[in-house]
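# Inside the fold
Okay, here's what each chain looks like letter by letter:
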Amino acid sequence: MKDFKGKVVVITGGSTGIGFSFAKQFGHEGAKIIICGLRENRIDEALSALKASGIEARGAVCDVSKREDVETFADFAWDAFGSVDAVMSNAGVMAVGRTVIGSTKEDFMKIFDVNVFGVLNVVSVFGKRLIEQGTPAALYNVGSENSLFNGVPFAAPYVASKHAVLALTESLKEEVPDYIEVGLICPGFVQSELGGDEARETMSQAMDTDRFTSVAMKQIKQGEFYIVSHAYNVVRIDERYKKVKKAYEHYAPRYDGDDEFDVRTLFNRMAEGGNSK
């Protein structure tokens, strides 16, 4: 979606951090903004700041981990401006400090409820309505550099959640109609309130939030799927895939007809066979 002038853009977790910075970016492109978050006072502060910049904006409290909240928020969005053109699922939480062995299911679920099932709720509720609306639209999910590689140890619930967002978003791209654009936003280390007060000093060393969203916005306007920022990340990506490639080259090298067990190839053949009947 190259032009956001007059478009309606919904951003979850839009009252602070990356979400709020994106609200400013889209707003300066001429979009009407709808944000949500958990804290009404922060939503009010964000709306005041957006409106002071001449941006038309609305906001509501919404817990994305609760499907009924997302349904209510979707009603609010369509009631506000009559349509929605783009949705950014940005709300997220982070926790570090536990080993995989030392983690419990509850540790994982605290993160997954927001970072994975919250994203699922948003793309499901809003996606169905965008399909019914039938006009060009976009769904953007905020993943992470951790969607592409393991950024740090002692953060398995968070890293695993962002790997899941990658899988969810790649599947979403293949499943929605052509008139709905899909993008995966992969921030690296960016200043935000993620991590709470205890991470404030560490976060001060991260990339400036507006700098990140400015870089990302150029890619969004070009319709890119992978929306990236931190240049050094390619080193970490190469490290992972060189190891994977080496394993295949040594233990499962290519051979003529090696697509015999490729799932996508087999599914395509079965579909072609079904269509020929």
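Note: the structure precedes this text.
Structure report, in brief. All values derive from a computational prediction rather than experimental measurement.

This paragraph deals with the overall build of the chain. Looking only at helices and strands, the chain has 10 helices and 7 strands in total. Taken over the C-alpha atoms alone, the chain extends approximately 65 × 55 × 35 Å along its principal axes. Across the 277 residues that make up the chain, the buried fraction comes to 43%. In the chain, the proportion of contacts linking residues at least 24 apart, taken out of those at least 6 apart, comes to 69%. Accessible area of the chain: about 15,200 Å², with a carbon and sulfur share of 53%. Distance between charge centres in the chain, computed from 32 positive and 39 negative side chains, equals 2 Å.

Attention now goes to unusual backbone geometry. Backbone geometry at Phe-154 places phi at a positive 60°, although glycine is not the residue there. With respect to the helices and strands, the residue Phe-154 is situated in the loop between strand 5 (137-142) and helix 6 (156-175).

Between side chains of opposite charge, a pair can form as their charged atoms come close. Under the defined criterion, the tally for this structure stands at 14 salt bridges. Of the charged contacts in the structure, one is a salt bridge between Arg-254 and Asp-258, with a shortest N-O distance of 2.3 Å. Arg-254 sits in the exposed class, given a relative accessible area of 72%. Residue classification places Asp-258 among the partly exposed residues on the basis of a relative accessible area of 21%. Taking the shortest distance from any N to any O, the salt bridge between Arg-269 and Asp-259 comes out at 3.2 Å. Residue Arg-269 is located in helix 10 (residues 263-275), and its partner Asp-259 is located in the loop between helix 9 (233-251) and helix 10; the two are separated by 10 residues in the primary sequence.

As summarised here, the arrangement of the 7 strands in space is 3-2-1-4-5-6-7, forming an open sheet in which the pairing is parallel. Two strands close off the open sheet at either side, each with one partner strand: strand 3 (57-61) and strand 7 (226-227). As defined by bridge partners, strand 4 (residues 86-89) adjoins strand 5 across 4 bridges and the pair is classed as parallel. Looking across to strand 5, one finds that Met-88 is bridged to Tyr-140. Against the sheet, helix 3 (residues 67-81) touches strand 1 (8-12), strand 2 (32-37) and strand 3, its axis set at about 160° to strand 2.

The rules behind each value
Residues numbered from 1 in each chain as written. Predicted model: local features only at pLDDT ≥ 70, side-chain atom pairs only at ≥ 80, totals over all residues. Heavy atoms only, no water. Helix = DSSP H or I, 4+ residues; strand = E, 2+ residues; numbered from the N terminus. Buried < 20%, exposed > 50% of the residue type's maximum accessible area, 1.4 Å probe, protein only. Contact = heavy atoms within 4.5 Å. Areas by Shrake-Rupley, 256 points an atom, 1.4 Å probe, with all protein chains shown as cover. Lys, Arg positive; Asp, Glu negative; His and termini not counted. Charge placed at Lys NZ, Arg CZ, Asp CG, Glu CD. Salt bridge = Lys/Arg side-chain N within 4 Å of Asp/Glu carboxyl O. Pairing = 2+ DSSP bridges. Axes fitted to C-alpha atoms, helices over the stretch in contact; angles between N-to-C directions.

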